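Analysis of the macromolecular model
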Number of protein chains: 2
Amino acid sequence: MGQAVEIVEVGPRDGLQGIGPFVPTATKIALVERLHAAGLARIEIGSFVSAAALPQLGDTPEVLRRCGGLPGLVAQVLVPTERRGREALAAGARFLAYVLSVSEPHNRSNVRRSPDESAEDYRRLAAALPAGTRMRLNLATAFDCPFAGRVDPAATLALLDRLVPVLPGAEVCLCDTTGRADPDGVATLSAAALARFPGTRFAFHAHDTYGLGTANVHAAFERGIRVFDASVAGLGGCPFAPGATGNVATEDLAWMFARRGVQTGIALERLVAVARDAAALPGATAGGRVRDALAAADRLCGAAPTV
Amino acid sequence: MGQAVEIVEVGPRDGLQGIGPFVPTATKIALVERLHAAGLARIEIGSFVSAAALPQLGDTPEVLRRCGGLPGLVAQVLVPTERRGREALAAGARFLAYVLSVSEPHNRSNVRRSPDESAEDYRRLAAALPAGTRMRLNLATAFDCPFAGRVDPAATLALLDRLVPVLPGAEVCLCDTTGRADPDGVATLSAAALARFPGTRFAFHAHDTYGLGTANVHAAFERGIRVFDASVAGLGGCPFAPGATGNVATEDLAWMFARRGVQTGIALERLVAVARDAAALPGATAGGRVRDALAAADRLCGAAPTV
């Protein structure tokens, strides 16, 4: 009773970016509108990155222009550098998600610079932030790196020591980029981060690649984290890893929290309808279980003894 | 350090029973042998039920005869009545899993009698158990019933009050038959059961139908449960519910516990090889994530910013 979490829908960015065939801008806009109508109050609608490197999200400025004004919607955009952050602000963005990696090889692969350079960029962007604009700091590879393996929690906490004071009001998201975090590791780092920075709002970004998306979210919730990223239909699989699913599915988190009486503001049936269409996008790799389970819920199993 | 759990492989029973095309007996035997070779020390190899109602498991006596003697293997069989339990014993079974449901409509649907009748049957079977034979009590619908919805934890505890004293050495398994339990509910009931019956070994049987399989197992583990059922490749989807997956996948649990340093005795790579073949059985509905994730693990994602 009274407990609530905020689920941040990242499907239009993290979910779509891995899809090969270009998703028409009108489809993206309709997706954002329907997610919003299903109760998602914050949606990462795209990113400001090189359109040459990531043509799928080249229309983010237009999606932002068309969706940014939906009543009550916080339209978040991902930015990897100060320059892209300024571009996003100029395009009207009011909630930036700045991403850098704890792990050096991942940061170099992801944003083409060292973590130190990214940290300096974050400092500059934070200093340039206009009034009325909000920022989140996404710490990618906070638990595990595709190149370097397990990330020492001390390294993540040390980076937080440097960056949290830069912009004390920023939300900080601990990201399980590879999906290889385990519930115990998530619980430990979540508890340590919350204890060390009691004034900071923390978020957790789960991938379900190894089947631990909901388990890790629940572990973070138990330790006090109240903001969770998720992607409609679990979109977000890596195009170079067939069958490997991506972000934890928004509808699975909505279901889990609803079952245990935690408010999300999400209308599950509306969300599931959106998720079914999102899962059917050409080129999409869908994850999550709740869509199929709810479709089957009225058809009961037969006479075989079940336990 | 030093923590360990026992994972009970139920794929050859719970996983196969929902498959339409008959799985040849030789395939079942090879599956059990390979699972055993991958480190599964207890395997539910079948059930003693009406072969007319469940032809897929009609060859359980032969599977038991061929696999019961594998060195170190505990070959568990499911029995729904005293009569079937006696049949299983006569066929050489030395570890019975007796199933009854907390929920009356599910018990009537599943084993064609009232929970009281099933409880009396359990009493009789327990009294007839020869020396050297072990028993587990599976409490189906311990959390939720497909017909009646949520099950009051007090009802499950009340049934335990009646049945635990019947055979104090029996293992008791709390079964999330529908997959609709949530981690908080699992934690609460697990803690209550362990506190009430400190001398009893409890197990937890998870279904991943709604994506909460690993989350629920982890919640039970955190409260002290140390025995978990799982099905190779997540087999066990209901044939009347297309797309709705079944038991939590053994390889996903093996992965989760390995990541957090809890011993299972399972050789993950060998298990995954078995799981790939099991997922390819004609008529099978597979679940789980770890198979695909490990296959893709060496192929890294591209240049798109990832968090």
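Going by the structure above, here's the rest.
Residues numbered from 1 in each chain as written. Chains lettered and ligands numbered in written order. Predicted model: local features only at pLDDT ≥ 70, side-chain atom pairs only at ≥ 80, totals over all residues. Heavy atoms only, no water.

1. With respect to the overall build of chain A
Just so we agree on the cut-off: For the purposes of this entry, the term helix denotes a DSSP run of H or I that reaches at least four residues, the term strand denotes a run of E that reaches at least two, and both are numbered from the N terminus. With the radius of gyration taken over C-alpha atoms, the globule rule is written as 2.2 Å times the number of residues to the power 0.38. Note on definitions: a residue-residue contact is assigned when non-hydrogen atoms from the two residues lie within 4.5 Å. Where accessible areas are quoted, they stem from the Shrake-Rupley method and a 1.4 Å probe; at the residue level, only the protein chains shown are allowed to cover. Counting rule for charge: Lys and Arg are taken as positive, Asp and Glu as negative, and neither His nor the chain ends is counted. Taken as the charge location is NZ of Lys, CZ of Arg, CG of Asp or CD of Glu.
Scanning chain A for helices and strands turns up twelve helices and ten strands. For 307 residues, the compact-globule estimate of 2.2 N^0.38 gives 19 Å, and chain A sits close to it at 18 Å. Overall, the C-alpha framework of chain A stretches about 65 × 40 × 40 Å when taken along its three principal axes. Considering only contacts within chain A whose residues lie at least 6 apart along the sequence, 73% involve residues at least 24 apart. As displayed, chain A offers around 10500 Å² of accessible surface, 53% of which is attributable to carbon and sulfur atoms. Distance between charge centroids for chain A: 3 Å, based on 31 positive and 30 negative side chains.

2. Section: the environment of Leu16 of chain A
Residues and elements named next belong to chain A. Mapped onto the fold, Leu16 is located in the loop between helix H1 (11-15) and helix H2 (25-37). Each C-alpha atom of the pair Leu16 and Gly283 lies 9.5 Å from the other, and the pair is 267 residues apart in sequence. Apart from the residues within four sequence positions on either side, Leu16 is in contact with Gly11, Val23, Lys28, Leu31, Gln56, Leu235 and Leu281.

3. Some thoughts on the nonpolar core
Put simply, the rule is: Remark: nonpolar core denotes a set of buried residues (Ala, Val, Leu, Ile, Met, Phe, Trp, Tyr, Cys) joined through side-chain atoms within 4.5 Å. Whether a residue is buried, partly exposed or exposed follows from its accessible area with a 1.4 Å probe, protein chains only, as a fraction of its type maximum: under 20%, in between, or over 50%, in that order.
Counting residues in each nonpolar core, the largest one holds 87 residues, and the members touching the most others are Leu96, Leu160, Phe228 and Phe257 of chain A. Listed in part, the 86 residues of the second largest apolar core include Leu89, Val166, Leu174 and Ala230 of chain B.

4. Considering the pairing of strand S2 (residues 42-47) of chain A
All names here are of chain A. Quick reminder of the rule: At least two bridges found by DSSP between two strands is the condition for calling them paired. Handedness of a crossover is defined as follows: orient the strands so they point away from the viewer, and if the path from the first strand over the helix to the second runs clockwise, the crossover is right-handed.
Counting buried positions over the six residues of S2 gives six, a clear majority of the element. For S2 and strand S3 (residues 74-79), the ladder comprises five bridges, and the chain directions are parallel. Considered in S3, the bridge of Gly46 is made with Val77. Regarding topology, helix H3 (residues 60-67) serves as the crossover connection from S2 to the parallel S3, and that connection is right-handed.

5. Here we look at the side chain of Asp208 of chain A
Quick reminder of the rule: N or O atoms within 3.5 Å of each other form a polar contact, as long as, within protein, one can give a hydrogen and the other can take it, and as long as residues adjacent in sequence are counted only when both atoms are side-chain atoms.
Its location among the elements puts Asp208 of chain A in the loop between strand S9 (202-205) and helix H9 (213-222). According to the relative accessible area criterion, Asp208 of chain A is buried, its value standing at 12%. Side chain to side chain, Asp208 of chain A and Arg289 of chain B meet in a polar contact 3.1 Å long. What Asp208 of chain A contacts, discounting residues up to four positions off in sequence, is Gly213, Thr214, Thr245, Gly246, Asn247 and Val248 of chain A together with Arg289 of chain B.

6. A short note on the sheet that holds strand S5 (residues 134-140) of chain B
All names here are of chain B. Our working rule: As a rule, the C-alpha atoms of each element are fitted with a line to give its axis, helices using only the stretch in contact, and angles between N-to-C directions run from 0 to 180 degrees.
Reading around the barrel, the eight strands line up as S1-S2-S3-S4-S5-S8-S9-S10 and close back on themselves, with parallel pairing between neighbours. On average, each strand axis in the sheet is inclined to that of its neighbour by 25°, with strand direction left out of account. Relative to strand S10 (residues 227-230), strand S9 (residues 202-205) is paired through three bridges, and the arrangement is parallel. In the strand pairing of S10, Phe204 is matched with Phe228. Helix H7 (residues 153-163) contacts strand S4 (95-101), S5, strand S8 (171-175) and S9 of the sheet and is inclined by roughly 155° relative to S5.

7. Structural notes on the packing of helix H4 (residues 82-90) of chain B against helix H6 (residues 115-127) of chain B
All names here are of chain B. Selection criterion: By the definition adopted for this analysis, an angle is roughly parallel if under 35 degrees, roughly antiparallel if over 145, roughly perpendicular if from 65 to 115, and oblique otherwise. Note: crossing handedness is left-handed where the near helix turns anticlockwise from the far helix by less than a right angle, and right-handed where it turns clockwise. For this scheme, ten residues count as nonpolar: Ala, Val, Leu, Ile, Met, Phe, Trp, Tyr, Cys and Pro. Four count as charged, namely Asp, Glu, Lys and Arg, and the remainder, Gly too, count as polar.
Where H4 meets H6, the closest approach of the two axes is 8 Å, and the angle between their N-to-C directions is 30°. Relative to H6, the element H4 is oriented roughly parallel. As H4 runs across H6, the sense of the crossing is right-handed. Every residue of H6 that contacts H4 at Glu82, Gly85, Arg86 and Leu89 is listed here: Asp121, Arg124 and Leu125. For the contact of H4 with H6, the residue count by class is two nonpolar, one polar and four charged.

8. A closer look at the sheet that holds S9 of chain A
All names here are of chain A. On the basis of which strands lie adjacent, the closed barrel formed by eight strands has the order S1-S2-S3-S4-S5-S8-S9-S10 and parallel pairing. Taken over all neighbouring pairs, the strand axes of this sheet differ in orientation by 25° on average, direction set aside. Along the sheet, helix H6 (residues 115-127) contacts S3, strand S4 (95-101) and strand S5 (134-140); its crossing angle with S4, the most-contacted strand, is approximately 160°.

9. Observations regarding helix H11 (residues 268-279) of chain B
Residue and element names in this part refer to chain B. Definition in use: What a helix is expected to span follows from its residue count: subtract one and scale by 1.5 Å. Think of it as the arc spanned by the lines of direction from the helix axis to the C-beta atoms.
With twelve residues, H11 extends 16 Å from end C-alpha to end C-alpha; this agrees with the ideal 16 Å at 1.5 Å per step. Where H11 is concerned, the buried positions are Leu271, Val272, Val274, Ala275 and Ala278. The arc that holds every buried residue of H11, seen down its axis, measures 165°, which confines them to one face. Looking at H11, the residues exposed on the side facing more than 90 degrees away from the buried face are Glu269 and Arg270.

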